[in-house]
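Here are the chains, one letter per residue:
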Amino acid sequence: MSDPTLPPIPPGAGARPGLSVPDLLVALGVVLLGALLLIGTLQIPFGINAVVGPRVFPLIVSVGTLLLGTLLTVNVLRGGRAEPAAEEDTDPDARPDLRQPALILGGFLLGAALLQPLGFVIGTAVMYFTVGFAFGERRAPLLAGVALIVALVTYVVFTRGLGLTLPAGLLNGVL
Amino acid sequence: MNVKTAALALSALLSTAAPAAAQNLNLRVMAPASPGGGWDQTSRAIQTVMQDEGIAKPVQVFNVPGAGGTIGLAQLYNSKGDGNLLMTMGLVMVGAIQTNSSKVDLSRVTPIARLTGEYEVIVVPASSPYKTLGDLATAWKANNALAFAGGSAGGTDHMLVGLFAKAAGVDTKKMNYVPFSGGGETLAAVLGNQVAAGVAGYGEFEAQIKAGKLRALGISAPRAQAGIPVPTMKSQGFNVDLANWRGIVAPPGISGSQKATLVAAMDKLHASKAWKDTLKTRNWTDLYMSGSKFDVFLKLEAVRTREILKDIGLVK
Amino acid sequence: MEAVTSLLAGFETALTPMNLLWALIGVTLGTLVGVLPGIGPALTVALLLPVTAKLPPVSAFIMFAGIYYGGMFGGSTTSILLNTPGESSSIITALEGNKMARRGRAAAALATAAIGSFVAGTIGTVLLTFAAPAIAEVAVQIPPSAKFALIMLAFVTISATFGSSPLRGLISLFFGLTIGLIGTDLQSGQARFTLGRPELLDGIEFVTVVIGLFAVGETLYVASRLRKDKASVIKLDGNASMTRDDWRRSWKPWLRGTALGFPFGAVPAGGAEIPTFLSYTLERKLSRHPEEFGKGAIEGVAGPEAANNASAAGVLVPLLTLGLPTSATAAILLAAFQQYGLQPGPLLFVTNADLVWGLIASLYIGNVMLLALNLPLAPVWARLLLIPRPFLYAGILVFSTVGVYSLNNSVFDLILLAIFGVIGYGMRRFDFPVTPAIIGVILGPVAESQFRTALQQSNGNPAIFVQSPLTVFILLTVLAALVVPAVLKARASRRG
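Criteria and cut-off values
- Residues numbered from 1 in each chain as written.
- Chains lettered and ligands numbered in written order.
- Predicted model: local features only at pLDDT ≥ 70, side-chain atom pairs only at ≥ 80, totals over all residues.
- Heavy atoms only, no water.
- Helix = DSSP H or I, 4+ residues; strand = E, 2+ residues; numbered from the N terminus.
- Rg over C-alpha atoms; globule rule 2.2 N^0.38 Å.
- Buried < 20%, exposed > 50% of the residue type's maximum accessible area, 1.4 Å probe, protein only.
- Contact = heavy atoms within 4.5 Å.
- Areas by Shrake-Rupley, 256 points an atom, 1.4 Å probe, with all protein chains shown as cover.
- Lys, Arg positive; Asp, Glu negative; His and termini not counted.
- Charge placed at Lys NZ, Arg CZ, Asp CG, Glu CD.
- Salt bridge = Lys/Arg side-chain N within 4 Å of Asp/Glu carboxyl O.
- Buried area = accessible area lost by both parts, 1.4 Å probe.
- Polar contact = N/O pair within 3.5 Å; in protein donor to acceptor, adjacent residues only side chain to side chain.
- Nonpolar A, V, L, I, M, F, W, Y, C, P; charged D, E, K, R; others polar.
- Arc of directions from axis to C-beta.
- Axes fitted to C-alpha atoms, helices over the stretch in contact; angles between N-to-C directions.
- Parallel < 35°, antiparallel > 145°, perpendicular 65-115°, else oblique.
- Left-handed = near helix turned anticlockwise from the far one by under 90°.

S.K.: Help me out: how do you make sense of the overall build of chain C in this one?
M.R.: Across its full length, chain C carries 20 helices and two strands. Since a compact globule built from 496 residues should have a radius of gyration of about 23 Å, the 22 Å found for chain C is in line with a globular shape. For the C-alpha atoms alone, the extent of chain C along its principal axes is close to 65 × 60 × 55 Å. Split into buried and exposed, the 496 residues of chain C put 67% on the buried side. Contacts spanning at least 24 positions in sequence make up 79% of the contacts within chain C whose residues lie at least 6 apart. Surface exposure of chain C reaches about 16100 Å², of which carbon and sulfur atoms provide 68%. Charge-centre separation for chain C: the mean point of 32 positive side chains lies 13 Å from the mean point of 24 negative side chains.

S.K.: Looking at this structure, how should I read the pattern of salt bridges?
M.R.: Oppositely charged side chains may form a pair once their charged atoms are brought near each other. Residues and elements named next belong to chain C. For the coordinates displayed, the defined rule picks out 20 salt bridges over all chains. With a closest N to O distance of 2.4 Å, R248 and D245 form a salt bridge. On the criterion of helical spacing, the pair formed by R248 and D245 is a turn pair, its members being three residues apart in helix α10 (residues 244-266). Residue class for R248 comes out partly exposed when judged on its relative accessible area of 48%. Here D245 falls in the partly exposed class, since its relative accessible area comes to 32%. Taken together, the shared-partner salt bridges in this structure form one network comprising D185, R192, E448 and R452.

S.K.: I would appreciate a short explanation of the interface of chain A and chain C in the present structure.
M.R.: Quite often, the size of an interface is put as the accessible area lost when its parts meet. Between chain A and chain C, the contact holds 74 residues from the first and 71 residues from the second. With both chains or domains summed, chain A and chain C bury close to 6700 Å², and 75% of this area falls on carbon and sulfur atoms. Our count for the contact surface shared by chain A and chain C stands at zero salt bridges. For the pair chain A and chain C, the number of links is five residue pairs in polar contact (both at pLDDT 80 or more).

S.K.: Which parts of the structure should I look at to understand the interface of chain C and chain B?
M.R.: Opposite the 54 residues of chain C that make contact, chain B presents 50 residues. Connecting chain C to chain B are zero salt bridges. Elements supplying a minimum of two residues to the side of chain C that touches chain B: α2 (17-35), α3 (41-48), α13 (328-339), α16 (389-408) and α18 (435-457) of chain C. A per-class count over the side of chain C that touches chain B returns 29 nonpolar, 21 polar and four charged.

S.K.: Looking at this model, I keep getting lost on helix α10 (residues 273-282) of chain B. Mind explaining?
M.R.: At 3.6 residues per turn, the α-helix brings residues three or four places apart onto the same side. Turning to α10 of chain B, its buried residues number three or more, namely W275, T278, L279 and R282 of chain B. Along the axis of α10 of chain B, the buried residues cluster in a sector spanning 100°; they form a single face. The outward face of α10 of chain B, more than 90 degrees from its buried face, is lined by the exposed residues K273 and K280 of chain B. Buried residues in α10 of chain B make contact with α2 (38-53), β4 (110-125), α9 (256-271) and β10 (285-290) of chain B together with α13 of chain C. A positive phi of about 65° marks N283 of chain B, the residue just after α10 of chain B.

S.K.: Is there a simple way to think about the packing of α10 of chain C against helix α11 (residues 273-286) of chain C in this case?
M.R.: A packed helix pair is summarised by two numbers, namely the angle formed by the two axes and the spacing between the axes. Residues and elements named next belong to chain C. Two elements in contact, α10 and α11, have axes whose closest approach is 9 Å; the angle formed by their N-to-C orientations is 150°. Here α10 is positioned roughly antiparallel relative to α11, judged by the angle of their axes. Of the two elements, α10 crosses α11, and the hand of that crossing is right-handed. Taken together, the residues of α11 that come into contact with α10 (itself represented by P253, R256, G257, L260, G261 and F264) are I274, P275, L278, S279, L282, E283 and L286. Partitioning the contact of α10 with α11 into residue classes produces eight nonpolar, three polar and two charged.

Shown next as structure tokens:
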């Protein structure tokens, strides 16, 4: 389903030699998640009189996760590796560039931090700008202008139109 | 453009609230729940009446949902000394503070008034062999596993079943309470004959009781209610009195005169005809109580709630 | 027939110019809020409740019903165009719909969704008109054990359907189940996996998970390996509307989706999600083009969209006849009835016949309005995709932020959104399908509560799962779904 030239790897059968370290880390991560869940499950108090207590389903889920994680680890150790998903807008042969998603994430968290002190419009405009920039738009004034307009229109439609409360921040009293 | 026209139509709608002689009291009312729920509806009813009657203007309602209202309560603590802020709350919050082991409680907030409430009823399917509360209690004592359906664990419905168990002499730790997430699932379970009895606010069962599909065995009111043809639990020898009440509190640390202003505003609200009409159309029972009486009530209710929740095993 | 005369009287009520106007406002508003992620018909009706106190009840309910149906229509739009499902019921629509849009077939996808919604909504309304009381009587008899069995069926069929291997699908499903466990356990009142944060006591809203894994995850992933050589906009297929072939492939899924969706809507805690999941797997099994699934198969849009609209009509059955709300929007509608001092239930048809029948008549009218509104709009919406990618992806992120923030007015939810975005990135990078996780989040808690309710009602007797013929039948189907593919595989490999 990902790359037409490489058939998907069935579980337990390594198609290519060599161990993929990132895949191994992910598989071990799943095992770790299962283990943490199991520990957490044993700390849930019982509560009221009930036939099936609050621990039963968490127990099933954590043991299941542990089991599946182990299977995945075995798969990876035998040479299995994941093929990154192919999206319409992605280039399967390009070297992944982690700086762009990091930039988006940074912009998003910065925007979220500014949302309450400076207001919704500034916060979301920051987010808009960083995503646009990360996607290769370099005309900064244009991008900033569009960002502010989109944020402002969204703000007005939601607060005026639907009566939602979004933080006004700097615009307090202006709009 | 479409967005614009709809936005315009809506904002036109939103501003239909009639202007009245505005006073200098402006208020913000926090509904510590999502739009549409009981606390939200109460807050918005207060907003409408206060603005229409000119008791305060503007009145702004905002929602801070989460964790049985305790997230909103924590936020109220952050606005210490703000004399223009109110929060809607009620019995459910008193319980949630206990069950969620919330870091903040109601001991330091400024109580303003208790406004409305609803009594709880115990119902059985029309085909049930139990004709009175006594029948149900006798059967329950013989078989502790009799299933009672109601809202989520620790809520008002659960408390009522706990109180009824105590009054009937059934071990509260052994009772078989089946919690549903609301949304009418309790009603469905009773109508579908899947449980022995169901508990909820009277309003939730009213239509089915009147249509004869459910039999109401008892209501948790202290005395018979006008227009509700259901015998009280007390009149049948079970000393249970529980209202799912809703009230208003202000942040901690407001001055005596600020509190007096807010209490006076609520008194005015309660005395207005618009409020009486609202109670009538919404079927809310008037449980008004303000000032020091409400202070004492809130303290007693916290103690009583803790005791019930301990009995049913939710609080250590 | 009595229902016919009552319905005609209802049309007299609904066809007054004033009420037609309210219906139009309702469907327009509903379509708009359906388009916005996170803001659905339930929230809109709730926010409008105090405003409409001044309207006569008939007009108010005609508008509310318009918002409700309109939201169901509009929900598909963002799913198809932006891969950002705004409602849990349109998650499945995003799977094939967005793939179609990326291939330039957005208008056709939107059209099949709109027509399918119309067909399903109308058939559903007809059933509501003529069979409501009978259906409601049956619906409340469905025991929790049968609902549990149905969810098992959804789990089994779904985890086998998505992903390059069942192992990866299952890991994704279990991840979703884990997220679904977070929060206060309804049955026992105990907090589970909340890490001491009060914000987590109510659990994580599925909207946050869905938007994080879908929209934010995809934005991050695409940014990391952006195709530089391609033109910066998606090319629209010259053939904007549905072709003859599209019609041929759509009409059966519409009808099957309706048949699945309507009964689920009528059952308490049935919901619109399970029928969309089941419809998708069903269409995939029955399609003559199974290879197109995952790349933009029109059946995968037509079926689920019909299912979610039919369930919307189904929801009104128990609401009007029993006063039993089976979905979030229905609960708000019930509050609206109470605001007017009305009590939906068996007596409402007698005491307020003009209101009920006016409302039902307005549903027919609303459906026609929605079709008239949405079909011509489909190519217009599709042109949204002509926005250059930097601006388009940035816009998706801002819309997502508003939707998630407005759930609780809390920045904490935005942090969660970012975390799920990173996880969504990781799942794409390491080939884990996203959909099973979403299904786990939505259905996991329901499965748990139905299972425990069943045993609580029987006081621990497991025989409850074999006492109802319906439950037994569904459980046998689950077993067959597990065993048959394995047997077929074994036989095929022996032959090969």
